[in-house]
Amino acid sequence: MFLFATAAATSSGPKTYSERRKEAEKLAALRNAQHRKKSRRQLELESREEGLRKSLFERAKEEEEAGSGQQNKALAMMMKMGFKPGQTLGPSDEVATKPDTSAAGPSYVLGKRRLSEPQEDEANGMATIASRHRAVPLPLSEWAGKKGIGLGKRAASPSATERLAKMAKMAEDRDHLDFRDRARQEYEERRAEGQLGPAQRTCVTLDEKDGREFNVLWLNPNNPDGFPEGFLDALNDPVLVASIHRNRVDTSLEGRLRARMQADALQPLTSTLDDVESRKDKVTLAKTTYSEEDIKEATQFLRLGPKDRLTLVLEYLRRRYAYCFWCGTEYNDQEDLENNCPGPDEEDHD
Amino acid sequence: MAKNPYTSAPPLSSSSNGSIKEPFFGFIPRKVAAKDARRVMDGDVNPFTKQPFSPQYKKILEVRKKLPVYTRMDEFYTMFNEHQIIVMVGETGSGKTTQIPQFVCYSDLPHTRGKLVACTQPRRVAAMSVAKRVADEMDVPLGRQVGYSIRFEDMTEPGTTFLKYMTDGMLLREAMNDPDLSRYSTIILDEAHERTLATDILMGLVKALARRRLDLKIIVMSATLDALKFQKYFGLKKDVPAPLFKVPGRTHPVEVFYTQEPEPDYVEAAIRTVLMIHRAEEPGDILLFLTGEEEIEDACRKIKLEADDLLNQDPDSVGPLVCIPLYSSLPPQQQQRIFDPAPAPRTPEGTPGRKVVVSTNIAETSLTIDGIVYVVDPGFSKQKVYNPRIRVESLLVSPISKASAQQRAGRAGRTRPGKCFRLYTEKDFMTELEEQTHPEILRSNLANTVLELVKLGIKDLVRFDYVDAPAPETLMRALELLNYLAALDDDGNLTPLGAIMAEFPLDPQMAKMLIVSPEFKCSNEILTIVAMLSVPNVWLRPANMRKEADAAKQMLTVPDGDHLTLLNVYNHYAQNMHDRNWAWNNFLSQRALAQADNVRSQLQRTMERFDIDLVSTQDERKLYTYIRQALVCGYFMQVAHKEGEKNAYLTVKDNQVVALHPSCGLDSTPDWVIFNEFVLTTRPYIRTVTAVKPEWLLEYAANYFDLSTLPNGETKRALQTVAKKRAGGSRSQSNEVDERKAKKRKTKA
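The structure presented is a predicted model; accordingly, all values stated were derived computationally and were not measured. Here the residue numbering is sequential within each chain, running from 1 through the sequence in written order. All chains are assigned letters beginning at A, and all ligands numbers beginning at 1, according to the order in which they are written. Only residues with pLDDT of at least 70 get local features here, since the model is predicted, and only at 80 or more are side-chain atom pairs given and counted; chain-wide, interface and lining totals rely on the full set of residues. Only heavy atoms go into the side-chain values, all of them from the structure, while hydrogens and water stay out.

Colleague: What am I meant to see in the sheet that holds strand S16 (residues 418–422) of chain B here?
Modeller: Hydrogen bonds between backbone atoms are what pair the strands of a sheet, whose relative direction is either parallel or antiparallel. All names here are of chain B. If DSSP finds at least two bridges between two strands, the strands pair. Strands here mean DSSP runs of E at least two residues long; helices mean DSSP runs of H or I at least four residues long; both are numbered from the N terminus. A sheet is described by the order of its strands in space; here six strands give the open sequence S9-S16-S13-S10-S12-S11, paired in parallel fashion. On the outer flanks of this sheet lie strand S9 (254–258) and strand S11 (321–326), each paired with one strand and no other. Each strand of the sheet is rotated relative to its neighbour by a mean of 20 degrees, with strand direction disregarded. Relative to strand S12 (residues 354–359), S11 runs parallel, the two sharing six bridges. Axis definition: a line fit to C-alpha positions, over the contact stretch in the case of helices; interaxial angles, taken between N-to-C directions, run 0 to 180 degrees.

Colleague: Would you take a moment to explain helix H10 (residues 266–280) of chain B for this structure?
Modeller: Owing to its 3.6 residues per turn, the α-helix aligns residues three or four sequence positions apart on the same side. Residues and elements named next belong to chain B. Its 15 residues place the ends of H10 21 Å apart at the C-alpha level, agreeing with the 21 Å of an ideal helix rising 1.5 Å per residue. Residue burial is assigned from relative accessible area. The probe radius is 1.4 Å, only protein chains are included, and a residue is buried under 20% of its type maximum, exposed over 50%, and partly exposed in between. Turning to H10, its buried residues are Tyr-266, Val-267, Ala-269, Ala-270, Ile-271, Thr-273, Val-274, Leu-275, Ile-277 and His-278. Under this definition, polar contacts are N or O atom pairs within 3.5 Å; protein pairs additionally need one hydrogen-donor-capable and one acceptor-capable atom, and for neighbouring residues in sequence, both atoms have to be side-chain atoms. The N-capping residue of H10, defined by a side-chain oxygen 3.0 Å from the backbone nitrogen of Val-267, is Asp-265. Expected span, for any helix, means 1.5 Å times one less than how many residues it has.

Colleague: Help me understand the confidence of the model for chain A, please; the structure alone is not making it clear to me.
Modeller: Low-confidence regions, as indicated by low pLDDT, have predicted coordinates that should not be scrutinised in detail. Residue and element names in this part refer to chain A. This prediction gives chain A a mean pLDDT of 70; 63% of its residues lie at or above 70. For every residue, the predictor reports its confidence as pLDDT, a number between 0 and 100. Any two residues whose heavy atoms approach within 4.5 Å are treated as being in contact. Taken as a whole, residues 1–11 scores under 50 in pLDDT and shows seven contacts with residues more than four places along the chain or in a different chain. In this model residues 270–288 is a low-confidence stretch, pLDDT under 50, and it forms six contacts with partners more than four residues away in sequence or in other chains.

Colleague: Mind showing me how you'd approach the sheet that holds strand S2 (residues 116–121) of chain B here?
Modeller: All names here are of chain B. The strand order S4-S3-S5-S2-S6-S7-S1-S8 describes an open sheet built from eight strands, whose pairing is mixed. Looking at which strands have only one partner, the edges of the open sheet turn out to be strand S4 (153–155) and strand S8 (244–247). Strand-to-strand twist in this sheet, taken as the mean axis angle between neighbours without regard to direction, amounts to 20 degrees. Two strands pair when backbone bridges link them, and strand S1 (residues 85–90) and S8 are joined in this way by four bridges, in the parallel orientation. Opposite Val-89, over in S8, you have Lys-246 as the bridge partner. Contacts between helix H4 (residues 73–82) and the sheet are confined to S1, strand S6 (184–189), strand S7 (217–222) and S8, with S7 contributing the most and set at about 135 degrees to the helix.

Colleague: How should I be thinking about the interface of chain A and chain B in this particular structure?
Modeller: Many structure descriptions define interface size as the accessible area lost when the parts assemble. Contacts between chain A and chain B engage 65 residues on the former and 74 residues on the latter. Across the chain A to chain B interface the summed buried area is about 6,200 Å²; carbon plus sulfur atoms make up 60%. Using a 1.4 Å probe, buried area is obtained as the accessible area two parts lose upon being combined, added over both of them. Three residues, A:Arg40, A:Met81 and A:Ile149, lead the burial of chain A against chain B; their summed loss comes to 13% of the area buried on that side. Any Lys or Arg side-chain nitrogen located within 4 Å of an Asp or Glu carboxyl oxygen qualifies as a salt bridge. There are five salt bridges connecting chain A and chain B. Counting every contact that joins chain A to chain B gives 20 residue pairs in polar contact (both at pLDDT 80 or more). Listing elements by their share of the side of chain A that touches chain B, those giving two or more residues are helix H3 (40–53), helix H4 (56–66), helix H5 (73–80), strand S2 (140–141) and helix H7 (160–175) of chain A. Looking at which element gives the most residues to the side of chain A that touches chain B, the answer is H3(A), with nine residues. All amino acids are sorted into three groups, where Ala, Val, Leu, Ile, Met, Phe, Trp, Tyr, Cys and Pro are nonpolar, Asp, Glu, Lys and Arg are charged, and the leftover types, Gly among them, are polar. Residues belonging to the side of chain A that touches chain B are distributed by class as follows: 24 nonpolar, 18 polar and 23 charged.

Given below as structure tokens:
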């Protein structure tokens, strides 16, 4: 298709700019598609959805029309007992009939709450009349992850508290490593360190395109100059701040001296009313730029190892921008990402 | 020693016997008043054995008298004498399961009329333990006047037993050969609220039976308050619901707490809550509900670590804590640990210890743990759901129902007022949870049930009076399977083969392969495989010795298929004289193997009843081939074909991409395999898998692999190639087929 298009283009003389731009777009799209190798998991999911979509009555009908023309024997037996497709089972005075079972909506919902569509389920699954008999099989529904009840629908964008909890868990898990794990961990951390830079740059680009001015995930302790003005000072964790200052590229005498002075600087006494006033101002000023939550999150984030930080950044990119770092592809939406990216981990992309 | 039941005189006339007065003198069946029954119970002579009551009996009687049900005996007898069907509601602890059947016996006097009273239970363990308890209460040995009957174990004495506790499945099987259940004077369906598949079917059967047999009494017992559904269903006249006999439970109030916000991680929140209770609440044990083995073990470890930390930091105000896991695959000795008392305080005056039980939903209904005061409920459970469209059994985590949540909360109020901590908001409880858990009949494969129903003469499965009717597609799948297995003819009538299949307490596929196995000269071996498939998992894999366990399993593995491996395991077990140590050293469950042994001999008896020979081929080299061919005869509808570059398997006809289960022992990936189960857990897996040849599929299941009806695709092309090769092949082969077919016809006739 693409080759044909270029051939046609070259035959018609010199290309205009817009033609060349379109071509480049096509090429990009093609490359994008090549990245999208279907994973095993994806094949499993697709076949399942396909299989669950069609009722057995539909399948029987299709086979009858396509194949030998003989009726499905099991269905024939049921019809002999007085069944008509679209009806429920049960005593005849309780049977409910629906216009067409085949039109039943998705009977399979993965990763989503089954209960998020209760009306639909009610309408399709249970017959419309006061009958409690089932017309279509129960859906298979999977609860994604360990989220509590009430959070099923909000899976797409985790709140700051959720992220904080997650970071706390990551930090805790690191403490439980044994010796062997630790050796491997160190190697992985170095690798992650290398990948973190590009990932964070992508994050900054996409965020800025989206109009975001600040994101905790942009922060890199190895590059203190990348921190926004005054942010470092706002972090109330001296050990962490000192370690970040040590990473400062500016290791000149002057620079170190300034850092030293900053650390040793005497705080103004707050005995006079003026001072109290001015400090208050300062505090409120700081608060408007960096919320308490940001500070807390940043502290947590910076305390994590490179691997955990990378995980968080990549997760954010996937959820917010449907961008897969390993594919190098920005998908149209979550559904596209889910269908076409082989998975969230690097191994999935081997 | 035992009295001959045939010579013992009927009790009513034995009063003339002299010295001992007949306690039941003057009793007229079903016209007995509570005061008379009480008089006999308080008497000195056991009316059923004519022996004096033991001191033990008197002691137990005093305890029984305190049960809520006992105090309502008058009301019960009044209602029982008047009505054919009663719906009874009694919460846990009311004593309904032990007392009501006894009351019925004092009124029915079944022993005088050669009848029985049946009380069904959804679970084997409950049937056994309740029967034992009731035998004690009635001062008779278990297995004589009072007995139990569960699959593969009959603990009754025909002619003597008049009160029988049994699993609901067993009563259903009995109905197959005696559709009027004429042996029984009263049938009690207990725990009806659990809505097991067999109980649901039984409700339909006994409702119809009540119209045919006016002498039959029926009691439906439920632990929840939504009895109205049952009352309406059992209203024999339209718009007149069945009468309700209600007994309050002996439970204490439970205070329910909700979280303010939804929890981002319910496991982590659960652990936090348990520790919070441990630190801040009064002494009393905790029950935490989680979903599966891995989650439970993990939580136990974390709780223990944190609790030890607390204890070290603050030994004065925090007591010691034990954390006990509970799930069904746990060996029974370990399940028993939940009944251990909470740990003692570290010093005589110290803070008392606390027991934490972390359990799946088996502690919701099946097991009662005394001493629980706090319940932590994250709101999830794993549920089995069968889907007929792709024929998969899924086992996925999903939110529980409101009814389930209430049941869980109730567990906190068994010994004293308790507290229940729900790890979700009150609003989410109201809006997100469904009212009721779906009854099992909506979630199950019905092949077995349909065969049983057809056998007991229910012809119209479409218009059967279901309490809740299953999806029509589930019935369609069941009929399809039974038709392909030749258990039902094209008109839905039971074939002679189907009649025999129904006699085996097995899935129809298994019954079929057992019945045809003598043709393949391997019925001995197939019998073993069937027995091994009918018991819980024989492989042990302790968390700290996984590698050793896997190595031991490797030694016993037959690379051609898991079915053959099971055979191999059993044979080794038999060669080692059923040695407990051998099993232990090879990481095998001695209990499961012993059970397999028992099942095997039970099934062997059934085979003998139908003249199915037990044979083994003399040709050792062909043995495994014959076995695999026999497997095909039962399981040809559960075949997967390898396709694509990733070694993915596709199920035939449903085209589901599936993976071999991690426990599978195949050393290669053969092109065609049969599987025992298709399950959806974290991924779609086929479990217990054996390699087969495509020629066998065409030969032994020609109907199913009819190439004209197969959908186009790789599977069809592969089979077409094989079919062509076969057609062009030697004549002798087809002769062999004809011979075998002829033989088959003979065995059928």
